[in-house]
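A look at the structure
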Amino acid sequence: MAKSESVKDRRRYQRVLVEPSSKTLQVTVTDYGPTLVFDMSYEGAAFAQPKERKVEAVDHPIRLHLKTDVDEATIAAVTVRVSDEVVAVHFKDISVAARIIIDRVVTDRIVGLN
């Protein structure tokens, strides 16, 4: 990979910002607590460090529990970037229910931008 190639250029799916004030998507990191999602795509997400317990390691498997007004699902993921404030993950195992939630979040946000 060339040094000039950015992370954005390597992504297959565009990440969309998730409204911080949105009550429609609640996310909890299993064993770490609730969090606020900053952005999401079909392959990953970035979210705030949970307040109950911080995620500390890269390449660490975690589970995200997604809940909306109409449905809920769990996604297996692995951490790809960890800082004091933000955690980025790559989704590993996405159930049909989780795919529907992600699709709704991503599609609604893209439509809203246009």
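Before reading on, note that the structure itself is shown above.
All of these numbers come straight from a predicted model, not from anything done at the bench. (Residues numbered from 1 in each chain as written. Predicted model: local features only at pLDDT ≥ 70, side-chain atom pairs only at ≥ 80, totals over all residues. Heavy atoms only, no water.)

Side note on the pairing of strand S2 (residues 26–29)
Every second residue of S2 is oriented toward a common face, the buried set being Val 27 and Val 29 and the non-buried set Gln 26 and Thr 28. Pairing geometry for S2 and strand S6 (residues 61–67), over 4 bridges, is antiparallel. By the bridge assignment for S6, Val 29 is matched with Leu 64. With 3 bridges joining them, S2 and strand S3 (residues 33–35) adopt antiparallel strand pairing. Its bridge partner lying in S3, Val 29 is registered against Gly 33. Two successive antiparallel strands, S2 and S3, enclose a turn made up of 3 residues, where Asp 31 displays a positive phi of approximately 75 degrees. (Buried < 20%, exposed > 50% of the residue type's maximum accessible area, 1.4 Å probe, protein only. Helix = DSSP H or I, 4+ residues; strand = E, 2+ residues; numbered from the N terminus. Pairing = 2+ DSSP bridges.)

A closer look at the environment of Asp 69
Along the chain, Asp 69 falls in the loop between S6 and strand S7 (72–82). For Asp 69, a relative accessible area of 66% translates into the label exposed. Between the C-alpha atoms of Asp 69 and Gln 26, which are 43 residues apart in sequence, the distance is 9.1 Å.

Remarks on the environment of Thr 74
For Thr 74, the location among the structural elements is in strand S7. According to the relative accessible area criterion, Thr 74 is partly exposed, its value standing at 28%. Remark: the alpha-carbon pair of Thr 74 and Leu 64, spanning 10 residues in sequence, is separated by 5.5 Å. For Thr 74, the contacting residues outside a window of four places in its chain are Arg 63, Leu 64, His 65, Asp 93, Ser 95 and Ala 98. A polar atom in the side chain of Thr 74 sits 3.2 Å from the side chain of His 65. (Contact = heavy atoms within 4.5 Å. Polar contact = N/O pair within 3.5 Å; in protein donor to acceptor, adjacent residues only side chain to side chain.)

A closer look at the nonpolar core
Grouped together as the largest cluster of nonpolar side chains are 24 residues, with contacts concentrated most on Phe 47, Ile 62, Leu 64, Val 89, Phe 91 and Ile 102. Breaking this core down by element, the ones donating at least two residues are S2, strand S4 (37–40), strand S5 (44–48), S6, S7, strand S8 (86–94) and helix H2 (96–113). Top contributing element to this core by residue count: H2, with 5 residues. (Core = buried A, V, L, I, M, F, W, Y, C linked by side-chain atoms within 4.5 Å.)

Brief notes about the environment of Ala 76
Mapped onto the secondary structure, Ala 76 falls in strand S7. Between the C-alpha atoms of Ala 76 and Arg 63, which are 13 residues apart in sequence, the distance is 4.6 Å. Sequence-distant contacts of Ala 76, defined by excluding residues within four places in its chain, comprise Ile 62, Arg 63, Phe 91, Lys 92 and Asp 93.

Brief notes about unusual backbone geometry
In this structure, Asp 31 is a non-glycine residue whose phi angle is positive, near 75 degrees. On the secondary structure map, Asp 31 appears in the loop between S2 and S3. Within the chain, Asp 59 stands out as a residue other than glycine whose phi angle is a positive 65 degrees. Relative to the assigned elements, Asp 59 resides in the loop between S5 and S6.

Don't take any of this as a statement about function, it's just geometry.
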